[in-house]
Amino acid sequence: MLETRFSEVLNPDHELLRAAKLIDWDKLHDALSSYYSPVGRSGKPIRLMVGIHILKHRYNASDETAVDMLHENAYWQAFCGYETFQRGKILDSTTLVKFRNRIGTEGMKRIEEVLFAAWGNMGLVKTRQVIVDTTSQPKDIAYPTDADLLYRARKKIVKVVERVRGEVALRKPFRTFARVGKKTLITVKKLYRQNREKGKEGVEKLKAMTSSVVRQAEKLVKALYGRGRKDLARSLNKAVSLGRKIVTQTEQALSEEKVKGRIYSLHEPDVAAIKKGKHHPPCEFGSLVALAMNDSGLILAHQEYQRNVADVKTLPMMLKAVGETAGIQPKEAVADRGFDQSLKSQKKLRKKWNLERLVIPRKGKTPHPDSGETWFRKALRKRTAIEPVIGHLKNDHRMNRCRYKGIQGDTANVTWAALAWNTKKIVQLAAEKEEKEHKRQRKRSQLRAAA
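No experiment lies behind these values; they were computed from the predicted model shown.

Parameters at a glance
- Sequence order as written defines residue numbering, which begins from 1 separately in each chain.
- Reporting in this predicted model follows two pLDDT cut-offs: at least 70 for local features of residues, and 80 or more for side-chain atom pairs to be given and counted; totals over whole chains, interfaces and linings ignore these cut-offs and use all residues.
- Side-chain descriptors were evaluated using all non-hydrogen atoms of the structure, hydrogens and water having been removed beforehand.
- We define a salt bridge as a side-chain nitrogen of Lys or Arg found within 4 Å of a carboxyl oxygen belonging to Asp or Glu.
- Secondary structure elements are defined from DSSP: runs of H or I of at least 4 residues count as helices, runs of E of at least 2 residues count as strands, and each element is numbered from the N terminus.
- Buried residues are those whose accessible area, probed at 1.4 Å on protein chains only, stays under 20% of the maximum for their type, while exposed residues exceed 50% and partly exposed ones sit between those limits.
- For two strands to count as paired, DSSP must find a minimum of two bridges between them.
- For a helix, the expected span equals 1.5 Å multiplied by the residue count minus one.
- Note that the arc is defined by the directions from the helix axis to the C-beta atoms.
- The criterion used for residue contact is that any of the two residues' heavy atoms lie within 4.5 Å.

Undergrad: Go over the pattern of salt bridges with me, naming the residues and quoting the values.
TA: Under the counting rule described, the total for this entry stands at 19 salt bridges. In this structure, the salt-bridge partner of Arg5 is Glu83, at a minimum N-O distance of 2.4 Å. Remark: Glu83 occurs in the loop between helix H6 (74–79) and helix H7 (93–121) and Arg5 occurs in the segment before helix H1 (6–9); sequence separation between them is 78 residues. Under the relative-accessibility criterion, Arg5 is labelled partly exposed at 37%. On the basis of relative accessible area, Glu83 is assigned to the partly exposed category, the value being 48%. The shortest N-O distance in the salt bridge between Lys139 and Asp410 comes to 2.7 Å. Of this pair, Lys139 sits in the loop between strand S1 (129–138) and helix H8 (146–167) while Asp410 sits in helix H16 (residues 406–450), placing them 271 residues apart in sequence. Of the two residues examined, Lys139 and Asp410, each falls in the buried class. If you follow the salt bridges from partner to partner, you end up with Lys56, Asp63 and Arg100 in one network.

Next up, the structure:
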């Protein structure tokens, strides 16, 4: 009763407080409450967890920094649902990880649906025209080379073997190649660019060491299964399987064979090599992200791919996702030349998704039949608006590098980045709508006074 309430001291026109008023927190709670069990210790409030994730990506902060900011920033606490300043410990950074794992990708999709339903009822979401484009989202991994992957695979297997040795006595010695392996890796890194042949010899030596460790570990796995230690055998067998794949793909690369299903990271084996045809960087290791934006600047839909998909193949999925998220199918779709296809295919696409117009410029010297029309040129000028939005998503909202684990982490990073951008953009759209309404009321009052 004696504490000062936020409503008495904070600026109500602050962008975070205005954004909080545009979110239907009650429906958000109802949508995510099914992920919480009524038995046991109660979890943190849903508004707190959703709010801190939006703020984390909005201000480009890590889990630890976001928690620190929540404890010291009154506007952050007000956005997350608190009415007075909290002086004690609110939550730990590990709680954010548990919440993301709890709701998964399906829960994040529900958050987007609730927000767009609320904004649609306010008349702030337009879906007549959508702009579609693709970009890459690099994963938080080191640049993959055969030498590094072999060294890390061997080191990972040895680490698991040492853990097994702490619980079970090993009858035979296990050679780790720790000293000579490190020495060979340093030699490869020093000589590879200057002398390719010597670098290749070093990779061969590392491959032989990793193969030896894999063979020793395979025998140990069989021995552990024979002793009935399935828990230790499974963890070691997982590392051995990964090491065997690394050795196999290195053999194929050294013999200049085409490597299918190449592994670029030990802790992120699903990472793909994304080539966007740009000079720098020519290749990024992560996932491909397709985005659909309306002409107001809101990200209506997104889709992540763990392979280098052609842009044109992502367009139908984007049109479907826009209808599922916003509830209304678009009437016009705009994209760049990467989405070009035959006029016959475009006609089928328009008919299938009930599109009035499909604005995609042709590749080559032959122009599109409608390229001279005013609406076609105007739509292409609007298409460029998605480029700076992608830049903001990457540089300001953490889409420049995905630090979440696995395929689900890629979707989570894009979802929270899009929500951070949309909550910032929706405040501007709501302010513009209020300003237009005020102008109408003033005009009406002037007309009444003149009458």
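Still more to cover.
Undergrad: Explain the pairing of strand S3 (residues 284–294) residue by residue, including any values.
TA: With 11 of 11 residues buried, S3 lies mostly within the body of the structure. With 9 bridges joining them, S1 and S3 adopt antiparallel strand pairing. What sits directly across from Thr135, in S3, is Val289. Of the strand pairs in this sheet, strand S2 (residues 272–274) and S3 are connected by 3 bridges, and their pairing is antiparallel.

Undergrad: Let's hear about unusual backbone geometry: which residues, and what values?
TA: Backbone geometry at Glu256 places phi at a positive 60 degrees, although glycine is not the residue there. Position of Glu256 among the secondary structure elements: in the loop between helix H11 (230–254) and S2. A positive phi angle, near 75 degrees, is found at Arg398, a position not held by glycine. Following the sequence through the fold, Arg398 ends up in the loop between helix H15 (386–395) and H16.

Undergrad: So what about helix H9 (residues 178–191)? Which residues, and what values?
TA: Residues three or four positions apart in an α-helix share a direction because the helix packs 3.6 residues into each turn. Counted at 1.5 Å a residue, the expected span for H9 with its 14 residues is 20 Å, and the 20 Å between its end C-alpha atoms agrees. Here H9 has its buried residues at Gly181, Thr184, Leu185 and Val188. Across the axial projection of H9, the buried residues extend over an arc of 100 degrees, all falling on one side. More than 90 degrees from the buried face of H9, the exposed residues found are Arg179, Lys183 and Lys190. Considering only its buried residues, H9 is in contact with H8 and helix H10 (196–227).

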